[in-house]
Amino acid sequence: KDPLVIQTDWNQNEGFFIQNIDGGICGLDFSFHHSPKNSFLDKMALKGQLKVNVPHLSKILPKELQSTIEEFEIGKGYELSGDLVISKEHPEESYFTGYLKGKNFELMGTVMETLMSEIDIRPGHIELDRFNLSDASGLFKVESIRLEQESGDKWELVIPEVIITDFRPSLLNK
């Protein structure tokens with residue numbers, strides 16, 4: 001894997017900004033590039049993807065999250081693709097919008113074929129829309145998934161409806 005490299009630049013319209021984020025660190029493989037049309041003096045925009053190897057990443061996460069990852073047997077094969085907007089004045093207000101994708105990804109001890117969902121990640125809030133997981137074992141659809149941070153470190157997960165069609169458990173791949 002290539003090491004993580006962050007290239008920066010400066011211009012009159014935007015001031016300081018990140019030109020590129022490329023390479024890997026701790027199970028994260030970045031490929032983001034400057035998006036000038038959405039960058040201003042107070043924010044910088046990057047477009048690209050982030051591939052996630054959850055088992056490698058989990059080593060640096062809090063113990064509670066590590067145990068959740070182990071419990072759901074979340075592995076590799078995940079990718080975020082879209083726009084990362086970083087607030088220069090208030091970095092804690094930065095956000096990501098785009099897609100969560102998975103191809104031959106690991107979940108619940110099985111290798112699933114494809115995952116596609118719109119995703120919006122903001123401080124204290126993660127929203128997944130039109131979440132579709134398909135595999136030879138069936139098609140799983142969720143119109144909306146919401147994760148909201150409550151007081152302290154507690155998060156609330158809301159999944160109003162899950163639609164499963166053509167479910168064939170015997171075709172799940174370990």
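Residues numbered from 1 in each chain as written. Predicted model: local features only at pLDDT ≥ 70, side-chain atom pairs only at ≥ 80, totals over all residues. Heavy atoms only, no water.

Asks: Got a minute to help me understand the pattern of salt bridges in this structure?
Replies: Pairing between side chains of opposite charge can happen when the charged atoms of each approach one another. Summed over the entire model, instances satisfying the criterion amount to six salt bridges. In this structure, E127 and R146 form a salt bridge, with 3.4 Å as the shortest nitrogen-oxygen distance. With a gap of 19 residues between them, E127 in strand β8 (residues 125–135) and R146 in strand β9 (residues 138–149) connect regions that are remote in the sequence. What makes R146 partly exposed here is its relative accessible area of 22%. (Salt bridge = Lys/Arg side-chain N within 4 Å of Asp/Glu carboxyl O. Helix = DSSP H or I, 4+ residues; strand = E, 2+ residues; numbered from the N terminus. Buried < 20%, exposed > 50% of the residue type's maximum accessible area, 1.4 Å probe, protein only.)

Asks: For this particular structure, what's the right way to read the side chain of S58?
Replies: In this fold, S58 is placed in helix α1 (residues 54–58). If sequence neighbours within four positions are ignored, S58 has contacts with Q66 and I69. (Contact = heavy atoms within 4.5 Å.)

Asks: Help me understand the packing of aromatic side chains, please; the structure alone is not making it clear to me.
Replies: Each pair of aromatic rings is reported with the distance of its centres and the angle of its planes. Taken as a whole and judged by the stated rule, the model has two aromatic pairs. Ring centres of Y78 and F105 lie 5.2 Å apart, and the angle between their planes is 55°; on these two criteria the pair is classed as tilted. Here Y78, found in strand β5 (residues 76–87), pairs with F105, found in strand β6 (residues 95–107); they are 27 residues apart in sequence, far enough to count as distant. For Y78, a relative accessible area of 12% gives the class buried. Aromatic pair F140 and F167: ring centres 5.8 Å apart, planes at 70°, arrangement edge-to-face. Of this pair, F140 sits in strand β9 while F167 sits in the segment after β11 (163–165), and the two are 27 residues apart along the sequence. Residue F167 is classed as partly exposed on the basis of its relative accessible area, which comes to 43%. The ring centre of Y95 lies 4.1 Å from the NZ or CZ of R122, which sits over that ring. (Phe/Tyr/Trp six-rings, centres within 6.5 Å; stacked < 30°, edge-to-face > 60°. Lys NZ or Arg CZ within 6 Å of the ring centre and 35° of its normal.)

Asks: Before we go on, may I ask you to explain the environment of L172 in this structure?
Replies: Mapped onto the elements of the fold, L172 is located in the segment after β11. Accessibility expressed as a relative area gives 31% for L172, which makes it partly exposed. Placed 37 residues apart in sequence, L172 and D135 show a C-alpha to C-alpha distance of 8.1 Å.

Asks: I would appreciate a short explanation of the confidence of the model for the chain in the present structure.
Replies: As a general rule, the predicted coordinates of low-pLDDT regions are not to be interpreted in detail. In the predicted model, the chain carries a mean pLDDT of 92, and 99% of its residues have values of at least 70. Across the chain, strand β3 (residues 28–34) holds the top mean pLDDT of 97, while helix α2 (residues 63–71) sits lowest at 87. (pLDDT = per-residue confidence, 0-100.)

Asks: I keep staring at the pairing of strand β7 (residues 110–122) and nothing clicks. Help me out?
Replies: Where a strand is regular, its side chains alternate between the two sheet faces. As defined by bridge partners, β6 adjoins β7 across 11 bridges and the pair is classed as antiparallel. By the bridge assignment, Y99 is partnered in β7 with E118. In this antiparallel pair of consecutive strands, β6 and β7, the connection spans two residues, and M108 shows a positive phi of 55°. Between β7 and β8, which pair antiparallel in sequence order, lie two residues; one of them, G124, sits at a positive phi of approximately 75°. (Pairing = 2+ DSSP bridges.)

Asks: I tried to follow a nonpolar patch on the surface on my own but got confused; where do I start?
Replies: Taken together, L157, I159, V162, I164, F167 and L172 make up a surface patch of nonpolar side chains, about 520 Å² in accessible area. In this fold, V162 is placed in the loop between β10 (155–158) and β11. Residue class for V162 comes out partly exposed when judged on its relative accessible area of 49%. (Patch = residues over 30% accessible without salt bridge, like charges linked within 9 Å, V, L, I, M, F, W, Y side chains within 5 Å. Areas by Shrake-Rupley, 256 points an atom, 1.4 Å probe, with all protein chains shown as cover.)

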